[in-house]
Amino acid sequence: WKELQLNRAKRKQWTQLGLARYIYGSAATADDEQVEENAEEENEEDEGDFFTKKSTDAEVDDDRDLSRVLILATNWSRDEDACSELKQRRFATGSGIDGDEDE
Amino acid sequence: MNSSKSQTVRFAGTKNLRSRLILSVLAGRTIVIEDIRVNESLDGGGIGLKDYEVSFLRLVDKLTNGSKVKINETGTSIRLVPGVPVGGEFEHECPVGRPIGYFVEWILPLALFCKNTVLIKFRGVTNSESALAIDSIQSTTIPLLRRVAGINLSVKLVKRGAEPGGGGLIIFTCQNAKSIPPLELTDAGVVKRIRGVAYSTRVAPSYTNRLVGAARGVLNRFTPDVYIYTDHHAKRTGGESPGFGLSLLAESTTHCLTVADASSGPDANDPEKVALDACSRLLEEIDAGGCVDSNHQGLVILMMAFGQEDVHSVRLGRLSGFTVQLLRDLRDFMGVEFKVAPERDESSVVLSCIGLGFSNYSKKLS
């Protein structure tokens, strides 16, 4: 259990290191080579997880200077599984949550 | 008001041009941008600055006192020695290449720190695919800034103007702020309702009904609390060109706002297609999570960096390329580095920083 906890803590550290490194270059401070190696792997994963598709240099259109989501990853009109998963995760369901209490 | 640092900051290309110019004025540091579309064959639209970029520069110049702008003969290099943000009342004609939202979006942070109240009459395109629609700015950007900065500001739509002719009129007013209080936006909550505006200009009013019908068809699968207003403008207030579009807003249980919009254009002349685009973009934003949508990530981050000397934190969904570059620019201009804490389970990231303690001296003195 302790090992699992330790791994989780390390994993979190790598993830943070990876994202910070992606943004700020060599700003991250790591004293362990292994951690750095893993951080690089995490970094690659992070690009998929935390950045929109247009965030990669090749896809950023300088001319448009956009900060908008225009590239869609999911077909929200057809993908039923994605819709039901999104509904469960991000939408208020049931009578317990009502948005009109503060109006 | 401005930072005591006086070194020139240099960039290449037009990436994040607006935010860099605004950062230059707020930080009081000279900015030089070179190699602007030097490779004509790649861009295909001519070398150098575009008319809307020059117009944005002119707008920054109007809002400040003592700024010196120098553009080289080919327009591939600019140098801005920033003056003092003073604000005031004036009119600005926006080129039709970009909608008014393109200008308002990044003038907001500058208007907050001006000496006087800002009142600008913008003329041009009000709704377009290339920047936030005015309806989205009204429904999300303005309430967000009221929440973050605690000031009074408004955007009033007088006339709509669709692409390509434009002809819209917007009145933008913004009070100045003394400083930005500590911000903590970390609880995104869940979406409790969706609101929207379906607008049309110089087309049959039934277009708005078709937009609403198509949008409800997608959104009612997620929540029954969907209400979309219709706003039809005939000849007198309808600008120069026919057009239509949809702006959608999702409000969460913690009052976080997520916005997305779509409008007609050369590639989208079908109301159902435009409605589906707007719905998909909204759902994509909701799926990404965070307290602020991708349109407003940059604005919130900028406010945090220039906020009071205290801890500011915000939960964001997927970072846009624009936001990542802005984070780098903030470090280059102001030395502000954010702590980045991704959360795997939530698929979101918490950004926190200590604000610079930037305050509006002109407000203090008055």
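Our structure's up above, just so we're on the same page.
A few points on the structure.

What counts and how
Residues numbered from 1 in each chain as written. Chains lettered and ligands numbered in written order. Predicted model: local features only at pLDDT ≥ 70, side-chain atom pairs only at ≥ 80, totals over all residues. Heavy atoms only, no water. Helix = DSSP H or I, 4+ residues; strand = E, 2+ residues; numbered from the N terminus. Buried < 20%, exposed > 50% of the residue type's maximum accessible area, 1.4 Å probe, protein only. Contact = heavy atoms within 4.5 Å. Polar contact = N/O pair within 3.5 Å; in protein donor to acceptor, adjacent residues only side chain to side chain. Core = buried A, V, L, I, M, F, W, Y, C linked by side-chain atoms within 4.5 Å. Salt bridge = Lys/Arg side-chain N within 4 Å of Asp/Glu carboxyl O. Pairing = 2+ DSSP bridges. Axes fitted to C-alpha atoms, helices over the stretch in contact; angles between N-to-C directions. Parallel < 35°, antiparallel > 145°, perpendicular 65-115°, else oblique. Left-handed = near helix turned anticlockwise from the far one by under 90°. Nonpolar A, V, L, I, M, F, W, Y, C, P; charged D, E, K, R; others polar. Phe/Tyr/Trp six-rings, centres within 6.5 Å; stacked < 30°, edge-to-face > 60°.

### Considerations on the environment of Asp225 of chain B
Residue and element names in this part refer to chain B. As for its position among the elements, Asp225 is in the loop between helix H6 (206–219) and strand E13 (226–233). Classification of Asp225 by relative accessible area gives partly exposed; the value is 27%. Along the backbone, Asp225 and Arg195 are 30 residues apart, and their C-alpha atoms lie at a distance of 8.3 Å. For Asp225, the residues in contact, after removing those within four places along its chain, are Lys192, Arg193, Ile194 and Arg195.

### Considering the environment of Arg318 of chain B
Residue and element names in this part refer to chain B. Here Arg318 is to be found in the loop between strand E16 (311–316) and helix H9 (321–334). Along the chain, Arg318 and Asp293 lie 25 residues apart, while their C-alpha atoms are 9.0 Å from each other. Here the side chain of Arg318 touches Asp287 through a polar contact of 3.3 Å, side chain to side chain.

### Considerations on the nonpolar core
Residues and elements named next belong to chain B. Residues Phe122, Phe172, Phe306, Leu330, Phe338 and Leu351 are the most contacted members of the largest nonpolar core, which totals 92 residues. Looking at which element gives the most residues to this core, the answer is helix H4 (residues 100–112), with 10 residues. When near neighbours in sequence (up to four residues on either side) are disregarded, Phe306 contacts Leu23, Leu26, Phe113, Ile180, Leu330, Met334, Leu356 and Phe358. By size, the runner-up hydrophobic cluster in this structure holds 29 residues, among which are Val218, Ile228, Leu246 and Ala275.

### Section: the pattern of salt bridges
In this structure the tally under the stated criterion is 19 salt bridges over all chains. One salt bridge in this structure joins Asp135 of chain B and Arg160 of chain B, with 2.7 Å as the shortest N-O distance. Residue Asp135 of chain B is found in helix H5 (residues 134–149), and its partner Arg160 of chain B is found in the loop between strand E9 (153–159) and strand E10 (168–174); the two are separated by 25 residues along the sequence. With a closest N to O distance of 3.2 Å, Glu251 of chain B and Arg193 of chain B form a salt bridge. You can see Glu251 of chain B sitting in strand E14 (residues 243–252) and its partner Arg193 of chain B sitting in strand E12 (residues 191–201), a full 58 residues away along the chain. Residue classification places Arg193 of chain B among the buried positions, given a relative accessible area of 7%. Each of Glu85 and Arg89 of chain A together with Asp287 and Arg318 of chain B takes part in salt bridges that share partners, so that together they form one network.

### Considerations on the sheet that holds strand E4 (residues 68–71) of chain B
Residues and elements named next belong to chain B. If you trace the four strands from one edge of the open sheet to the other, you get E1-E2-E5-E4, paired in mixed fashion. Both outer strands of the open sheet, strand E1 (9–12) and E4, are each paired with one neighbouring strand and no more. The average angle at which neighbouring strand axes cross in this sheet is 10°, direction not considered. Of the strand pairs in this sheet, strand E2 (residues 31–34) and strand E5 (residues 78–81) are connected by three bridges, and their pairing is antiparallel. Among the inter-strand pairings, Ile33 is bridged to a residue of E5, identified as Ile78.

### Focus: the side chain of Ser241 of chain B
Residues and elements named next belong to chain B. Inspection of the secondary structure puts Ser241 in the loop between E13 and E14. Engagement of the side chain of Ser241 in a polar contact is seen with the backbone nitrogen of Gly165, the distance being 2.8 Å. Among all residues touching Ser241, those that are not within four sequence positions of it are Ala162, Glu163, Pro164, Gly165, Gly166, Thr201 and Arg202.

### Notes on the packing of H5 of chain B against helix H8 (residues 297–305) of chain B
Residues and elements named next belong to chain B. Closest axis-to-axis distance for the H5/H8 pair is 11 Å, and the angle between their directions is 15°. One finds that H5 runs roughly parallel with respect to H8. When you trace H5 past H8, the crossing you get is right-handed. Only Leu299, Val300 and Met303 of H8 make contact with H5, whose side of the interface consists of Thr141, Leu144, Leu145 and Val148. The class makeup of the residues in the contact of H5 with H8 is six nonpolar, one polar and no charged.

### Some remarks on unusual backbone geometry
For residues besides glycine, phi is generally negative; the peptide bonds are generally trans as well. Residue and element names in this part refer to chain B. Glu163 connects to Pro164 through a cis peptide bond whose omega is 0°. Although it is not a glycine, Asn16 sits at a positive phi angle of roughly 50°. Positive phi, close to 65°, is recorded for His255, a residue that is not glycine. When you line up the elements, His255 lands in the loop between E14 and strand E15 (257–263).

### Observations regarding the packing of aromatic side chains
Residues and elements named next belong to chain B. Scanning the entire structure with this criterion turns up 13 aromatic pairs over all chains. On the numbers, 5.5 Å between centres and 85° between planes, the contact of Tyr52 with Tyr102 is edge-to-face. With a gap of 50 residues between them, Tyr52 in helix H3 (residues 51–63) and Tyr102 in helix H4 connect regions that are remote in the sequence. When its relative accessible area of 1% is taken as the criterion, Tyr102 is described as buried. The interplanar angle of 75° and the centroid separation of 6.3 Å between the aromatic rings of Phe56 and Tyr102 together place this pair among those described as edge-to-face. Note that Phe56 is positioned in helix H3 and Tyr102 in helix H4, a separation of 46 residues in sequence.

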